[in-house]
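# Commentary on secondary and tertiary structure
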Amino acid sequence: MNFFIRTRKRLSKYLNAFFKKRQSRIGIYGPPNAGKTTLSNRIVRDWTGDALGPVSEIPHETRRARRKEGVTISNQNGNTVTIDIVDTPGVTTKIDYQEFIEYGMEKDDAIKRAREATEGVAEAMHWLREDIDGVIYMLDSTLDPFTQVNIMLVGIIESRNLPVIIVANKIDLPDASASAIRKAFPQHPVIPVSGLEGNNMEELYEKMLEHFG
Amino acid sequence: MIQGVQIDLISADRLEKMTTMEKIRLILDDVIEGNIVVLEKGLTPDEQSKLIEITMLEITPDGFSGIEMETYSPKDAGSSGGGLFGRLLGKKSPGTRMTVIGPANQMKTIKKDKDLISAWVSSR
């Protein structure tokens, strides 16, 4: 009898290990300077006390995807979700090192930053195709959302049937317009936030529980 | 001799016979030469993703700085092609549309609306 119990327990352990679903990896995507790392840091800090990476006003500060494993988000009703947050480099179709020189960088540093940025964009696209289970798509709500990169990326995300939340960031700025983003992407939930000030993060966390749970 | 920019219009028939990598190489080789490429039928989302990735690998300092690409928003998968039968079979139509691709340092979008794209192109 003991033999059967032991065998059943062992089999159950193997089956659990085999079928155990890994934590969903939620990629924070968007064009450069939308505030992806600021929001990633805010989420990770709110729920784990850590941070993911440095931020800068010079575009392409994040040139490697960074992952924080096991971020557990919960609400007062007892709903929880544990996810990996992946902060990704800003996606674009063009990078010219001259842009960084305009921010006061030396030529050699600007060329190095541009090279690393191109690798980062390629890496972000690869993650999206292979390793991402859901997306927070970040947009700067002071800018026109109707750009080719945004339309293309949202199209790529939709074609992979990934759950997506669009974040209209920088609502603390006077020119911000979350309604323009809602108009551009009516098929997806749009949550206005300020990653920098931490405004309206509760609504984003509720939506994350609903979408990624 | 006429000075200007070469524009290559590639038909949907030709694109349909090509693999993803053949399409991407055709586009990038042409654009790196300083030409404008017009695709009668656009790329699928997966092809667009690979085009961005390979474009990044081709960028060089003081050389090719990337692409400018414009297309209309994709038509709703349910309303473009495939029809009810296609949808019943789970066939998804990406609804790709005419697309213009050019070198980022020569082509600039002036205005983009739902149904009108206005771009400016300079010679090298």
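Scroll up to find the structure.
For the structure given in this document, a descriptive report is provided here. Along every chain, residues carry numbers that run from 1 in the direction the sequence is written. Whichever chain is written first is A, and whichever ligand is written first is 1; the rest continue in order. Restriction of local features to residues with pLDDT of at least 70 applies here, the model being predicted, together with a cutoff of 80 or more for giving and counting side-chain atom pairs; totals for whole chains, interfaces and linings are based on all residues.

## Quick look at the environment of Ile2 of chain B
Rule in force here: In this text, helices come from DSSP runs of H or I with a minimum length of four residues, and strands from runs of E with a minimum of two, each type numbered from the N-terminal end. Each residue is classed by its C-beta neighbour count within 10 Å, where at least 20 other C-beta atoms makes it buried, 12 or fewer makes it exposed, and intermediate counts make it partly exposed; the C-beta atoms are placed from backbone geometry.
Note on placement: Ile2 of chain B falls in the segment before strand E1 (7-10). Take Ile2 of chain B: there are 3 C-beta atoms within 10 Å of it, and that puts it in the exposed class.

## Points about the sheet that holds strand E3 (residues 80-87) of chain A
Note: strands within a sheet are paired through backbone hydrogen bonds, in either parallel or antiparallel orientation. Residue and element names in this part refer to chain A. Where we set the bar: Here the rule is simple: two strands pair whenever DSSP picks up at least two bridges between them. Every axis corresponds to a line fitted to the C-alpha atoms, with the helix fit spanning only the stretch in contact, and the corresponding angles, defined between N-to-C directions, vary from 0 to 180 degrees.
On the basis of which strands lie adjacent, the open sheet formed by six strands has the order E2-E3-E1-E4-E5-E6 and mixed pairing. Each edge of the open sheet carries a strand with a single partner, namely strand E2 (66-74) and strand E6 (190-192). Neighbouring strand axes in the sheet, compared pairwise and without regard to direction, differ in orientation by 25° on average. In this sheet, E3 lies alongside strand E1 (residues 24-29) in parallel orientation, the contact comprising five bridges.

## Digging into helix H3 (residues 45-58) of chain B
We apply this condition: Take the number of residues in a helix, subtract one, and multiply by 1.5 Å to get its expected span. Contact between two residues is assigned whenever their backbone-derived C-beta positions fall within 7 Å.
Taking 1.5 Å of rise per residue, the 14 residues of H3 of chain B would be expected to cover 20 Å, and the 20 Å separating its terminal C-alpha atoms lies within 8% of that figure. Considered for burial, the residues of H3 of chain B that qualify are Pro45, Glu47, Gln48, Ser49, Lys50, Leu51, Ile52, Thr55 and Met56 of chain B. Elements that come into contact with the buried residues of H3 of chain B comprise helix H4 (107-130) and helix H5 (148-159) of chain A together with helix H2 (20-32) and strand E3 (67-71) of chain B.

## What about H4 of chain A?
Under the 1.5 Å per step criterion, the end-to-end length of H4 of chain A is 35 Å for 24 residues, consistent within 8% with the ideal 34 Å. Among all positions of H4 of chain A, only Ala110, Arg113, Ala114, Ala117, Thr118, Gly120, Val121, Ala122, Ala124, Met125 and Leu128 of chain A are buried. For H4 of chain A, the secondary structure elements touched by its buried residues are E1, helix H3 (98-101) and H5 of chain A together with H3 of chain B.

## Considerations on the nonpolar core
Residue and element names in this part refer to chain A. The criterion, for reference: A set of buried residues qualifies as a nonpolar core if it consists of Ala, Val, Leu, Ile, Met, Phe, Trp, Tyr and Cys joined through C-beta atoms within 7 Å.
Counting residues in hydrophobic clusters, the biggest one holds 70 residues, and the most contacted among them are Tyr29, Tyr137, Met138, Ile166, Val167 and Ala168. The element contributing the most residues to this core is H4, with eight residues. Other than its neighbours up to four places away in sequence, Val167 contacts Leu39, Ile136, Tyr137, Met138, Leu139, Ile191, Val193 and Leu204.

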